[in-house]
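Descriptive structure summary
Take a look at the letters that make up each chain.
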Amino acid sequence: KYPLEAVQTMAKIAVRTENALDYVHIFQKKGISERIHSTDAISHATVQISQEIKADTILTITESGFTARMIAKYKPQCTVVAVSRLPERVRAMQLYWGVLPLLGPYSTNTDEMIELSLQCALHHSVIKDGASVVITAGVPIGTPGSTNLIKVVTVGTKLLSGTGIGSKTVTGRICVGRTAADFKDKLQKGDILVVDVLNDEFVPQAAAKAAAIIAEEGGLTSSTAIVGVTCGLPVIVGAEKATSKLADGLLVTVDPVSGDVYEGDINL
């Protein structure tokens, strides 16, 4: 009598159950057999990487849908987005566990295909800015059963780059420090301090309040670099025009490992 309500109720039960599952235990219990297809091995590694780095999404570029099915077998906790150029494969993948299939573009160039697939996923709002994405595909593109590539990317707008010191990723609001008043009153605890050159007189306030420091001045012997090493603060030096490119109050994520600064709260 109530087909719509019945399906809606089943969907709620499924979603609630899936939220409560121990995905790490499921993955470990699945294991991997001694003799498997190479695509299965890549899929197993993809899911393991996504769990270990706490990725937001797995993006698989697939011709036949086989890779998406192999990934679904290992029950990853994050969303699986599968992009295929073939409408019939997109329809078939609707039945795979945890997979969101998309009809996407095609290119024989691997890098271009990855970029086009990411843009397709962003366009359909299944991947958002700031997401950490594990991508799997096959080289050459378009050959079924050739999955042999895993790539981890961060989806976000890179504002500038420099030389990073430290290993801790920090997200916070920008505070551009130019005067003594900026360091005393404007700089708040947890801000990302941006300077052209960090003068010695401002070092105590910077070390006490800033969560990270970005400096236009380069060099691993600069005052900013020394503060980073001695105080354990993530810093980026040699960031050209940082004081003009980064405005007060802008939310950014500082990645000292790569030396990059991203706009917004980025999952690195």
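Residues numbered from 1 in each chain as written. Predicted model: local features only at pLDDT ≥ 70, side-chain atom pairs only at ≥ 80, totals over all residues. Heavy atoms only, no water.

Examining empty space enclosed by the protein
Over the atoms, a rolling probe the size of a water molecule traces out where space has been left empty. Per the stated rule, a full pass over the model turns up one cavity of 30 Å³ or more. Here the largest cavity defines a volume of roughly 180 Å³. Forming the boundary of the largest cavity are 21 residues, of which I61, T62, E63, G142 and T143 lie nearest the centre. Looking at the lining of the largest cavity, the elements with two or more residues in it are helix 4 (66-73), strand 2 (79-84) and strand 4 (132-138). Tallied by class, residues from the lining of the largest cavity come to nine nonpolar, 10 polar and two charged. (1 Å grid on protein atoms, 1.4 Å probe; cavity = no way out; pocket = protein on both sides within 12 Å on 5 of 7 lines; lining within 4 Å. Points joined across faces, edges and corners; volume = space filled by probe spheres on them. Helix = DSSP H or I, 4+ residues; strand = E, 2+ residues; numbered from the N terminus. Nonpolar A, V, L, I, M, F, W, Y, C, P; charged D, E, K, R; others polar.)

Here we look at the nonpolar core
Counting 19 residues, the largest nonpolar core has L59, L118, I127, V133 and I135 as its most contacted members. Broken down by secondary-structure element, the contributors of at least two residues to this core are strand 1 (57-61), strand 2, helix 6 (110-123), strand 4 and strand 5 (147-154). Sort the elements by how many residues they give to this core and helix 6 lands first, with five residues. Those residues in contact with V133 that lie beyond four places of it in its chain are T57, L59, L118, I127, K151, V152, V153 and V155. Listed in part, the 17 residues of the second largest apolar core include L187, L198, A206 and I213. (Core = buried A, V, L, I, M, F, W, Y, C linked by side-chain atoms within 4.5 Å. Buried < 20%, exposed > 50% of the residue type's maximum accessible area, 1.4 Å probe, protein only. Contact = heavy atoms within 4.5 Å.)

Some remarks on unusual backbone geometry
Although it is not a glycine, K75 adopts a positive phi angle of roughly 50°. By the element assignment, K75 lies in the loop between helix 4 and strand 2. Looking at K75, the relative accessible area reads 23%, which means it is partly exposed. Although it is not a glycine, S125 sits at a positive phi angle of roughly 60°. Within the fold, S125 resides in the loop between helix 6 and strand 4.

A closer look at helix 1 (residues 3-20)
One turn of an α-helix holds 3.6 residues; hence residues three or four places apart share an orientation. With 18 residues, helix 1 ought to run about 26 Å at 1.5 Å a step, and its terminal C-alpha atoms sit 26 Å apart, in line with that. Judged by how many residues are buried, helix 1 sits mostly at the surface: zero of 18 residues are covered. (Expected span 1.5 Å × (residues − 1).)

Notes on the packing of helix 3 (residues 38-52) against helix 4
With their axes 8 Å apart at the nearest point, helix 3 and helix 4 run at an angle of 50° to one another. One element, helix 3, and the other, helix 4, form an angle in the oblique class. Of the two possible hands of crossing, helix 3 and helix 4 adopt the one that is right-handed. Residues T39, D40, S43, T46 and V47 of helix 3 touch helix 4, and the partners they reach there are F66, T67, M70, I71 and K73. For the contact of helix 3 with helix 4, a count of residues per class yields four nonpolar, four polar and two charged. (Axes fitted to C-alpha atoms, helices over the stretch in contact; angles between N-to-C directions. Parallel < 35°, antiparallel > 145°, perpendicular 65-115°, else oblique. Left-handed = near helix turned anticlockwise from the far one by under 90°.)

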